[in-house]
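Fold and contact review
Here are the chains, one letter per residue:
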Amino acid sequence: MGLEITGRGLLMPNISEECWQSLITRYGPPLEPDNLDEDTLKLAIAERRALVTVRVSDGCGGGDVYFYRAQMGHYKERAIFVFLRPCEITDEEVAALDYPNPWESDSDIQRFTWRILSLGCWKSLITRYGAPLEPDSLDEDTLKLAIAEKRALKVAEVRNYYLGEYKSGYVLFWRTEVGDTIKGFYMRNGTYFCIAFPQPCEITDNEANILSVPRWKSWEEVCEFTDAILSEGLNSP
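Predicted model only: the values in this text are computed from it and were never measured. (Residues numbered from 1 in each chain as written. Predicted model: local features only at pLDDT ≥ 70, side-chain atom pairs only at ≥ 80, totals over all residues. Heavy atoms only, no water.)

1. Quick look at the overall build of the protein chain
Which entries qualify depends on this criterion: Here a helix means four or more residues in a row that DSSP labels H or I, a strand means two or more in a row labelled E, and each is numbered from the N terminus. The classification of residues rests on relative accessible area computed with a 1.4 Å probe and restricted to protein chains. Under 20% of the type maximum is buried, over 50% is exposed, and intermediate values are partly exposed. Here, residues are in contact when the closest pair of their heavy atoms is within 4.5 Å. All accessibility values rest on the Shrake-Rupley procedure with a 1.4 Å probe; residue burial counts only the protein chains present in the view.
Secondary structure assignment for the protein chain yields 7 helices and 9 strands. The 237 residues of the protein chain split such that 40% are buried. At a minimum sequence separation of 6, the contacts of the protein chain that also span at least 24 residues come to 70%. Surface accessibility of the protein chain: about 14,000 Å² in total, with carbon and sulfur atoms responsible for 52%.

2. Some details on a nonpolar patch on the surface
Let me state the cut-off plainly: Residues qualify for a patch when their relative accessible area is over 30% and they have no salt bridge, like charges being joined within 9 Å and the nonpolar side chains of Val, Leu, Ile, Met, Phe, Trp and Tyr within 5 Å. Salt-bridge detection follows one rule: a side-chain nitrogen of Lys or Arg within 4 Å of a carboxyl oxygen of Asp or Glu.
A grouping of Val54, Val56, Tyr66 and Tyr68 is seen on the molecular surface, where their side chains present a nonpolar patch of about 320 Å² in accessible area. For the nonpolar patch, the secondary-structure elements that each account for two or more residues are β3 (50-57) and β4 (63-69). Turning to its location among the elements, Val56 is positioned in strand β3. Val56 sits in the partly exposed class, given a relative accessible area of 41%.

3. Remarks on unusual backbone geometry
Of note in the backbone geometry, Arg48 takes a positive phi value of approximately 60 degrees without being a glycine. In this fold, Arg48 is placed in the loop between α2 (38-46) and β3. On the accessibility criterion, Arg48 (29% relative accessible area) is partly exposed. Unlike most non-glycine residues, Lys150 shows phi in positive territory, near 60 degrees. Within the secondary structure, Lys150 is located in the loop between α5 (140-148) and β6 (152-162).

4. Topic: the side chain of Ser16
Put simply, the rule is: Under this definition, polar contacts are N or O atom pairs within 3.5 Å; protein pairs additionally need one hydrogen-donor-capable and one acceptor-capable atom, and for neighbouring residues in sequence, both atoms have to be side-chain atoms.
Relative to the assigned elements, Ser16 resides in helix α1 (residues 15-27). Under the relative-accessibility criterion, Ser16 is labelled buried at 0%. A polar side-chain atom of Ser16 sits 3.5 Å from the main-chain carbonyl oxygen of Leu97. Leaving out residues up to four positions away in the same chain, Ser16 has contacts with Ala96, Leu97, Tyr99, Pro100, Asn101, Pro102 and Trp103.

5. Regarding the pattern of salt bridges
When charged atoms on two side chains of opposite charge get close, those side chains can pair. Scanning the model with the defined rule gives 11 salt bridges in all. Where Glu232 meets Lys123, a salt bridge forms, and the shortest distance between an N and an O atom there is 3.2 Å. Of the two residues, Glu232 is situated in helix α7 (residues 219-235) and Lys123 in helix α4 (residues 106-129); the sequence distance between them amounts to 109 residues. Between Glu207 and Arg128 there is a salt bridge whose closest N-O contact spans 3.0 Å.

6. Focus on α1
Given 3.6 residues to a turn, an α-helix orients residues that are three or four positions apart in the same direction. The condition is simple: Expected span, for any helix, means 1.5 Å times one less than how many residues it has. Working note: the arc is built from the helix axis to C-beta atom directions.
With 13 residues, α1 should reach 18 Å at 1.5 Å per residue; the first-to-last C-alpha distance of 18 Å fits that figure. Ser16, Glu17, Cys19, Trp20, Leu23 and Ile24 are the residues of α1 that are buried. Projected onto a plane normal to the axis of α1, the buried residues spread over an arc of 165 degrees and lie on a single side. On its buried side, α1 packs onto β3, β4, β5 (80-82), α3 (91-97) and α4. Structurally, the start of α1 carries an N-cap: the backbone nitrogen of Ser16 is 3.1 Å from a side-chain oxygen of Asn14. With its phi angle positive at about 80 degrees, Gly28 sits one or two positions after the end of α1.

Written as structure tokens, this is what we have:
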């Protein structure tokens with residue numbers, strides 16, 4: 001839940017973030033301009049499932065993003081988000097999104113969107129199938145079977161250095177292929193390791209694509225999130 005400091009100094013939920021998260025959770029990621037044609041957009045506008053954003057610069061490198069309901073004539077507008085059918089964005093939701101929001105650009109919105117999708121996707125996998133087996137719990141035969149049954153993923157921790165000092169990092173997930181080993185190399189000198197969910201399980205292409213967008217800073221962070229999900233399940237009535 002996003003929080004903001006109001007004029008009275010109190011912490012309150014950010015209405016825009018909550019509304020956008022609700023839309024994403026219910027309808028999935030919106031189509032972006034590169035995936036739209038005019039006929040698709042006209043239909044989406046008529047069915048009240050298209051939004052247009054306008055960014056107003058503050059002249060200092062920052063700015064604010066405003067949401068409006070898309071109207072006929074916005075065909076060439078680049079900052080349009082169209083949700084898939086069936087869906088209807090209410091006037092109350094449009095108003096909530098136009099509430100002072102935390103985003104300064106459409107890129108901020110996209111990052112927030114994929115963060116919500118990644119968290120939701122991983123939580124769904126863990127809830128349904130439990131924690132994945134890590135390299136120390138895998139042998140080559142177990143991995144081969146998991147790859148064939150589409151329940152294995154490759155994981156890489158990418159670390160960014162500046163002048164020899166570690167600055168930041170992120171975790172990459174992608175689908176395994178026949179011939180992958182428990183630990184290995186990718187590209188020039190990157191290393192990966194494999195994980196496998198217990199059977200029965202099949203990771204869909206959509207789930208693999210969602211997880212391929214970097215979200216976590218480290219594998220340790222992924223494990224902490226996984227443990228929290230499992231603990232939540234144990235404590236639920």
